Every structure is written in structure tokens, then in C-alpha cells.
Amino acid sequence: LGSKPSQSRNCPSYLCFSFTVFCVIALTMHVINLLNCRCLWKYRCWAIISAIAAMGTTDSASASAVLGTLTVKLTREKMPLQKRNGRVFHKSAYHGEISIGSPEPQRFRVVFDTGSGHLIVPSVMCKNETCQMHRRYKRRKSLTAYDIDVDGSRVDPQNGRDQLTVSFGTGEVVGVFVNDRVCLQGQIARQGALANSMLQTGRAVVGAEPPTEDDGESLIEEDGGPKSDQDTGCLEMRFVTAVSMTEDPFATFAFDGILGLGLSSLSQTKEFSLLDSGAPGGAWHAVSDKHQMFGVFLAVSDKEDSEITFGGYKTEHMAEGAQLVWNPGAEPDQEHWMLKIKSITAGGVRLPFCDDGTCRALVDTGMSLIGIPSGDLGPALYTHLRHTSEDTGAGLCNGPGPKLEIELEHSTITLDPPDYARPEIVTNPDAGGTEDEKVDEGLEKNKCVPMLMRMDLHAPLSPKTLILGEPVLQKYYTVFDGLPPRIGFALAHHVVPKRANSAA
């Protein structure tokens, strides 16, 4: 009588579960030491431990899922672009770090490329020097990997396996298919060399004799550091391991591969598409209408970081008062991130180039310049954007000067001289001296011209297709959404204003 009801003093469920997991892991490790597990059995033992540990992170992973987005930091690679008349200007590419496989992840530096549809990394099966200059994927090293054909079925060792040939703007890759665990990492990779245009222009699957995987090593050493990954940003994914890569342009890459962010129709099947498989596979957590949305921010100085945010976008990267304006995809079944161009104006003069209504724009994170088709557009842009600038004596074109305006369906992209211009260089091929000396001698100290890359694309793309690369993605915070295909632009917020490229 009068006694108080007993009160349970149970620990929180997540603490009890974590303690249980710890005890199981400790017991398993003790058994491993007793059995002296070695080689493959040791990998299998550690795979069991990894699986048990993953169970313990379920609650924390679910807690982070409330945030809804995954942000990956990018590193800018920059080097001079070589032209026949010497060094003229710089171009760049942006890469992040991923890991593939388990229990010991294999790390790769990849370009996050909206102009491609597959994850492609070099394989140890690739024997040429181009592949060996990079980290190469070892399928046998991963306990979660298995070889597949293009339809996802496991490869029969007694038969040949499918091969894929992927054509890019300036090169080609031949590869085979693998399924493994892929993790997007928020780490900044080392600085290095640069990429050319990585726009995927074609693909073809053929049956072939099965390449054999060896224990070959890359010519470069793996980075040190921890060999385990957090669950955040990971998924089971189909991808391509390259068994052949052309020297041009892949030999110039400091990064190892390409992670395609193109629409699913650019991939062989939707299971190869990161946008299709990322959210369902648990790489990021977002409401259903943002499963295929990502925002791209490209820094203009070392005072800020470039990054991609999956599952939404960050308003902090928008300039004060700026609003995101959406432009619909040009075609309902398009492969690329493509928009309609209504008009092009240079230096206040509207050009007739797009009056027939067939102009299109590809928005491409793998492109370092503005790409234009051959023909009349280039000379017209050169004529109307060539201008005198006050600071070219320092090798810069920071304006003021004429604007380049590209009118889309619902917004207009406006670029100023710091975004598109470089000092004009006129060299004499018969003059003596080094290439750099010829550039210095031919530098026009008061004239600026647009930096443009001529690139003709083939059907079914319109012959009047422009490629909007780094100059646009630095000026505007750009958000891609695949449901349905559309692209939004908002003037970007930068810590310091962008400065123009130098002449050397």
C-alpha cells in the first residue's frame, strides 16, 4: 500500500542497439584472430563486419536524410590551352572524388559531366599507357562487384560479354559493364591538368571476347588516408570500366574518369544513370519531385568552393534578390540538357542567326568555354564583341565592353567581358623565338576578343547548337531538373567578382 509504481530505466533504443553492434563486432574480431583468417577469407570476414556495422548506422543515416540533399565539393583544374600560335588562354574542368567497391574502397577523381550518360573509370584490363596514367579499377578487389552485360544479367564466364563504345567530342572509350557499390564523396581532390570537351556524341554496344582482369597496378600511387566510407552518398550502380581509351584527350587528364549527369536517355539503360538511380538507391534523400534535381555552383576564386548539390539546390549561392527562372527542355525525348535559343545579341546588335527558330543550347559542365558551330556566327560574334579595354596592358579584359546576350524561352543569359573575353593575339609564324615569345610579341595591348570554341554537332542535334559551359555556369547558379527536363538560372553570389583570363 502506498508504494510507487516501478519505473523502467531502459536506455534509448539507438544506444542499446549501438552497444549490441559493438559487442558483436568485438566478438567477431576475436574469432577472426583465433581462426587467423587470411587472404580471401579475411576479406569475407571483414565484409561481414562491414555489413553488421552498416546496420548500426541506419538510424544516423535516416537522421541525415531529413536534410534532403547531398553536396559534393569540386576541385577546379586549370592549364593553358595550346593553339597553333602559342599559349592564348586557360581552360578548366571540375572534378570530385568518388569511391567504388567494398570492403576496401577504390578511390577515383571524376568529372561531373552533364554532357555524358555513364560513370566511366579505367580498368586494370586496359593495357595502354593512357589508362595506366590513371587509377584503375580492380573488380576482383571488391567483394560487392560482379560483371554484367548491358541488360544487367551476370556474365557467363563461358561466353563473350558485351562491350560499349562511347564517343565524345574529342575522344573515344571502349568498356565493359560492372555492377558495384559507388559512393559520392565530399572531399576535395588534388589539383592537376585539364579536360577538353567531354560531350558524349554517341554509343554502341557489341558482343566481344571477354577481356581478362589481371593484378596490374597504375603508374601512379593511390592516395593515402582512411579506407572506409560513410553510408551517405552510396548506392548500388551499373557503370563502365574502360578497356581502351584514346590518347586524345584522355592522356592529358589528371582526373581518372567521368561521372555522367546527363538525362537517362543518354545512358544505355536507366540503371546506368545516376539521376535515375541516385535517390531510389539511397545516395541522397529528397521529396519525389526533386529526385532528379541538382544545383551547380562554380567558384571564381580560391575564397569559395565549387560544388554540386543533389536532391535540390542552395539559395545561398544566389545573388541577393535573384530568383531562379526555369526554362523548359527543348524536346520531350531529348538526351542532352538542351534549351531553345530565341535570339543572340552581341554588342547591342541582334544577329539574324537564330531567326529560323532552330537554335539550341546544350548546358554542359564538361565544357570550359562557349561552343559555337562553324559558319557565320563566329565571325559575327568576333566583329561585335571585339573591343578596346582599359586594363589589357596587364593582360586582362575586365571591361567595360560589349555584352553577349543569349535569349532563352523565359530568361536571358548575359555575359560581360570578364566572362567571355581575352586579349587579342596576332602572331607572325615566320618570326623567330619560342611560342611564348611570339605570343608576347603579338599581344595587342588594347584589344579584347571573345573566347569561343568551334564545335559542330551531328544529327539529330540541330546544326545551330551552341554549348554553354563554364562562363555561363560561373555567372549563374544553375539548377538541372529531370522531372520533366528543365534548367533554372539565377545570378550567382560570389565572394569576390570574377576577373578575366590572362593572355598567358
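Everything numeric in this text was worked out from a predicted model, so none of it was measured. (Residues numbered from 1 in each chain as written. Predicted model: local features only at pLDDT ≥ 70, side-chain atom pairs only at ≥ 80, totals over all residues. Heavy atoms only, no water.)

### A look at the overall build of the protein chain
And step 1. Along the backbone of the protein chain there are 10 helices and 27 strands.
And step 2. Buried residues in the protein chain amount to 52% of all 504 residues.
And step 3. The long-range fraction of contacts in the protein chain, counting pairs at least 24 apart against all pairs at least 6 apart in sequence, stands at 76%.
And step 4. Element-wise, carbon and sulfur atoms account for 53% of the exposed surface of the protein chain, whose accessible area totals about 23,100 Å². (Helix = DSSP H or I, 4+ residues; strand = E, 2+ residues; numbered from the N terminus. Buried < 20%, exposed > 50% of the residue type's maximum accessible area, 1.4 Å probe, protein only. Contact = heavy atoms within 4.5 Å. Areas by Shrake-Rupley, 256 points an atom, 1.4 Å probe, with all protein chains shown as cover.)

### A short note on the environment of Glu 424
And step 1. Mapped onto the secondary structure, Glu 424 falls in strand β22 (residues 421–425).
And step 2. A sequence separation of 27 residues divides Glu 424 from Met 451, and the C-alpha atoms of the two residues are 9.8 Å apart.
And step 3. A polar atom in the side chain of Glu 424 sits 2.9 Å from the side chain of Arg 386. (Polar contact = N/O pair within 3.5 Å; in protein donor to acceptor, adjacent residues only side chain to side chain.)

### Some points on the sheet that holds strand β25 (residues 465–468)
And step 1. Across the sheet, five strands lie side by side as β14-β17-β25-β18-β24; this open sheet has mixed pairing. Looking at which strands have only one partner, the edges of the open sheet turn out to be β14 (338–340) and β24 (452–454). Within this sheet the neighbouring strands show an average axis-to-axis angle of 25 degrees, counted without direction.
And step 2. As paired strands, strand β17 (residues 360–363) and β25 are joined by four bridges and run parallel to one another. (Pairing = 2+ DSSP bridges. Axes fitted to C-alpha atoms, helices over the stretch in contact; angles between N-to-C directions.)

### With respect to the state of the cysteines
And step 1. Scanning the entire structure with this criterion turns up four disulfides.
And step 2. The disulfide partner of Cys 126 is Cys 131, and the gap between their sulfur atoms is 2.1 Å. Taking the torsion about the S-S bond as the criterion, the Cys 126 to Cys 131 disulfide, at about 75 degrees, is right-handed.
And step 3. Two residues, Cys 354 and Cys 359, share a disulfide whose sulfurs are 2.1 Å apart. Taking the sign of the S-S torsion, about -90 degrees here, the bridge from Cys 354 to Cys 359 comes out left-handed.
And step 4. When its relative accessible area of 0% is taken as the criterion, Cys 359 is described as buried. (Disulfide = S-S within 2.5 Å.)

### Concerning the confidence of the model for the protein chain
And step 1. In the predicted model, the protein chain carries a mean pLDDT of 78, and the fraction of residues at 70 or more is 68%.
And step 2. Low pLDDT, under 50, characterises residues 34–66; the predicted model gives this stretch 29 contacts beyond four residues in sequence or across chains.
And step 3. Low pLDDT (under 50) marks residues 186–197, which in the prediction has 50 contacts with non-local residues, meaning those over four places away or in another chain. (pLDDT = per-residue confidence, 0-100.)

### What about the pairing of strand β26 (residues 476–482)?
And step 1. Burial analysis of β26 places seven of its seven residues in the buried class, which makes it a mostly covered element.
And step 2. Side chains Tyr 476, Thr 478, Phe 480 and Gly 482 project from β26 onto one buried face, and the interleaved Tyr 477, Val 479 and Asp 481 project onto a second face that is buried too.
And step 3. Relative to β26, strand β11 (residues 293–297) runs antiparallel, the two sharing four bridges. Bridge pairing in β26 places Met 293 opposite Asp 481.
And step 4. Relative to strand β27 (residues 485–491), β26 is paired through seven bridges, and the arrangement is antiparallel. Note on β27: the bridge partner recorded for Thr 478 is Phe 489.
And step 5. Between β26 and β27, which pair antiparallel one after the other, the connecting turn spans two residues.

### Let's talk about the environment of Pro 463
And step 1. Its place among the elements puts Pro 463 in the loop between β24 and β25.
And step 2. Linking Pro 463 and Cys 359, residues 104 residues apart in sequence, is a C-alpha distance of 8.0 Å.

### A word on the pattern of salt bridges
And step 1. In the structure shown here, the tally under the stated rule is 18 salt bridges.
And step 2. The partner of Glu 307 in a salt bridge is Lys 314, with the nearest N and O atoms 3.1 Å apart.
And step 3. Judged by its relative accessible area of 22%, Lys 314 falls in the partly exposed class.
And step 4. The salt bridge involving Lys 475 is made with Asp 416; its shortest N-O contact spans 3.2 Å. With Lys 475 in helix α10 (residues 470–475) and Asp 416 in the loop between β21 (412–415) and α8 (417–420), this residue pair connects regions lying 59 residues apart in the sequence.
And step 5. We classify Lys 475 as buried; its relative accessible area is 17%.
And step 6. Beyond isolated ion pairs, a larger network of salt bridges with shared partners links Lys 403, Asp 416, Asp 419 and Lys 475. (Salt bridge = Lys/Arg side-chain N within 4 Å of Asp/Glu carboxyl O.)

### Brief notes about the pairing of strand β7 (residues 171–185)
And step 1. Most of β7 is tucked away, with 13 of its 15 residues classed as buried.
And step 2. Where strand β5 (residues 146–148) and β7 come together, three bridges link them in antiparallel fashion. What sits directly across from Asp 147, in β7, is Val 178.
And step 3. Across six bridges, the pairing between strand β6 (residues 161–168) and β7 is antiparallel. Looking across to β7, one finds that Leu 164 is bridged to Gly 175.

### A short note on empty space enclosed by the protein
And step 1. Under the definition given, this model contains two cavities of 30 Å³ or more.
And step 2. Computed from the structure, the largest cavity encloses a volume of approximately 40 Å³.
And step 3. Forming the walls of the largest cavity are Leu 74, Tyr 94, Phe 112, Val 296, Leu 298, Ile 308 and Thr 365.
And step 4. Residue classes in the lining of the largest cavity are distributed as six nonpolar, one polar and no charged. (1 Å grid on protein atoms, 1.4 Å probe; cavity = no way out; pocket = protein on both sides within 12 Å on 5 of 7 lines; lining within 4 Å. Points joined across faces, edges and corners; volume = space filled by probe spheres on them. Nonpolar A, V, L, I, M, F, W, Y, C, P; charged D, E, K, R; others polar.)

### Brief notes about the packing of aromatic side chains
And step 1. For the structure on display, the rule yields nine aromatic pairs.
And step 2. Pairing Trp 337 with Phe 480 gives two aromatic rings, centres 5.2 Å apart and planes at 70 degrees, and the pair type is edge-to-face. Taken together, the positions of Trp 337 in the loop between β13 (325–328) and β14 and Phe 480 in strand β26 put the pair 143 residues apart, joining distant regions of the chain.
And step 3. Trp 337 sits in the buried class, given a relative accessible area of 2%.
And step 4. Across the ring face of Phe 353, the terminal group of Lys 464 is positioned such that the distance to the ring centre comes to 4.7 Å.
And step 5. The aromatic ring of Trp 326 is capped on one face by Arg 486, whose charged end is 3.8 Å from the ring centroid. (Phe/Tyr/Trp six-rings, centres within 6.5 Å; stacked < 30°, edge-to-face > 60°. Lys NZ or Arg CZ within 6 Å of the ring centre and 35° of its normal.)

### Details of unusual backbone geometry
If a residue is not glycine, its phi is most likely negative; likewise, a peptide bond is most likely trans.
And step 1. Of the consecutive residues Ser 102 and Pro 103, the connecting peptide bond is found in the cis state with omega at 5 degrees.
And step 2. Relative to the assigned elements, Pro 103 resides in the loop between β2 (86–100) and β3 (106–113).
And step 3. Cis geometry is found at the peptide bond from Leu 483 to Pro 484, where omega equals -10 degrees.
And step 4. Here Pro 484 lies in the loop between β26 and β27.

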